[in-house]
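An overview of the molecular structure
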Amino acid sequence: AIKPVSPTMRMCGPAFTVDSPPMDNLLLHQAIYAASPGDVLVVRVADYYEAGYWGEIMGVAAQARGLAGLVIDGGVRDSLELTTMNFPTFSRGLCIKGTLKHGGGALNKPLAIGSIVIQPGDIVIGDADGVVVVPRAEGQAVLEKSIQRVEKENVIMQQLRDGKSTLEIYGLK
């Protein structure tokens, strides 16, 4: 359910997790300055989706800090501005409704979004199709398998350009 605000957005970096109370974005402001350059903020908002937890001002602050992007299981606002500034923003949706600033929650602790548990430091990758989280310990193996898959698909696409059918290539006759 989490998609980029713009299909041109791409990101990759280690997860800095934020488990925020519903309807509150104080911890997100704090996370911008607790995270390291290159980190991706991965935010859970306690299943409360009818708020815009993040917008242009926070995007500018995060970009100035060198953060790699935002993944939030909640709403964001200022989508046009986030797109124009090209801050990789991946959200459950858009919502103009404001938030409170009472605080609470936890920074850089394991959290679950849907059925996925994200550990701080896991590798977060996002593009037009959505977001993938790779456990840090599996990063090298996943990278090697990904390269092999791309190479294999390049061969298949060349075979298609040369006139072979998918039925022939995959033995589906």
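This write-up is about the structure you can find in this document.

What counts, and where the lines are drawn
- Residues numbered from 1 in each chain as written.
- Predicted model: local features only at pLDDT ≥ 70, side-chain atom pairs only at ≥ 80, totals over all residues.
- Heavy atoms only, no water.
- Helix = DSSP H or I, 4+ residues; strand = E, 2+ residues; numbered from the N terminus.
- Buried < 20%, exposed > 50% of the residue type's maximum accessible area, 1.4 Å probe, protein only.
- Contact = heavy atoms within 4.5 Å.
- Axes fitted to C-alpha atoms, helices over the stretch in contact; angles between N-to-C directions.
- Parallel < 35°, antiparallel > 145°, perpendicular 65-115°, else oblique.
- Left-handed = near helix turned anticlockwise from the far one by under 90°.
- Phe/Tyr/Trp six-rings, centres within 6.5 Å; stacked < 30°, edge-to-face > 60°.
- Pairing = 2+ DSSP bridges.
- Right-handed = clockwise from strand over helix to strand, strands pointing away.
- Expected span 1.5 Å × (residues − 1).

1. Focus: the environment of Ile125
With respect to the helices and strands, the residue Ile125 is situated in strand 10 (residues 123-127). On the accessibility criterion, Ile125 (36% relative accessible area) is partly exposed. Sequence spacing of Ile125 and Ser115 is ten residues, and the spatial spacing of their C-alpha atoms is 17 Å. Setting aside chain neighbours within four positions, we find Ile125 in contact with Met11, Cys12, Gly130, Val131, Val132 and Val134.

2. Details of the packing of helix 1 (residues 26-34) against helix 2 (residues 56-64)
Where helix 1 contacts helix 2, the axes come no closer than 9 Å and their chain directions differ by 15 degrees. In this view, helix 1 runs roughly parallel relative to helix 2, as classed from their interaxial angle. In the packing of helix 1 onto helix 2, the handedness of the crossing is left-handed. Listed contacts from helix 2 to Leu28, His29, Ile32 and Tyr33 of helix 1 are Met58, Ala61 and Ala62.

3. Looking at the packing of aromatic side chains
On inspection of all chains with the given rule, the structure shows one aromatic pair. Seen in terms of ring centroids, Trp54 and Phe87 are 6.0 Å apart; in terms of plane orientation they differ by 15 degrees. Their pairing is stacked. Taken together, the residues span a long stretch of sequence, with Trp54 in strand 4 (residues 52-54) and Phe87 in the loop between helix 3 (79-85) and strand 6 (89-94) at a distance of 33 residues. With respect to burial, Trp54 and Phe87 carry one shared label: buried.

4. Observations concerning the pairing of strand 2 (residues 11-19)
Sheet topology note: the strand 2/strand 10 ladder contains four bridges and is antiparallel. The residue of strand 10 that forms the bridge with Gly13 is Val124. In this fold, the crossover linking strand 2 to strand 3 (residues 40-44) by way of helix 1 has right-handed handedness. Here two bridges tie strand 2 to strand 7 (residues 106-107), and the two strands are oriented antiparallel to one another. Note that in strand 7 the partner of Asp19 across the bridge is Ala106.

5. Points about the pairing of strand 11 (residues 130-134)
Residues in a regular strand project their side chains so that they alternate between the two faces of the sheet. For strand 10 and strand 11, the ladder comprises five bridges, and the chain directions are antiparallel. Residue pairing for strand 11: Asp127 is matched across the bridge by Gly130. Turn length for the strand 10-strand 11 hairpin, with the two strands adjacent in sequence and antiparallel, is two residues.

6. Quick word on helix 4 (residues 139-161)
Over its 23 residues, helix 4 runs 33 Å from end to end, which matches the ideal 33 Å to within 8%, given 1.5 Å per residue. Where helix 4 terminates, the next one or two residues include Gly163, which has phi positive at roughly 110 degrees.

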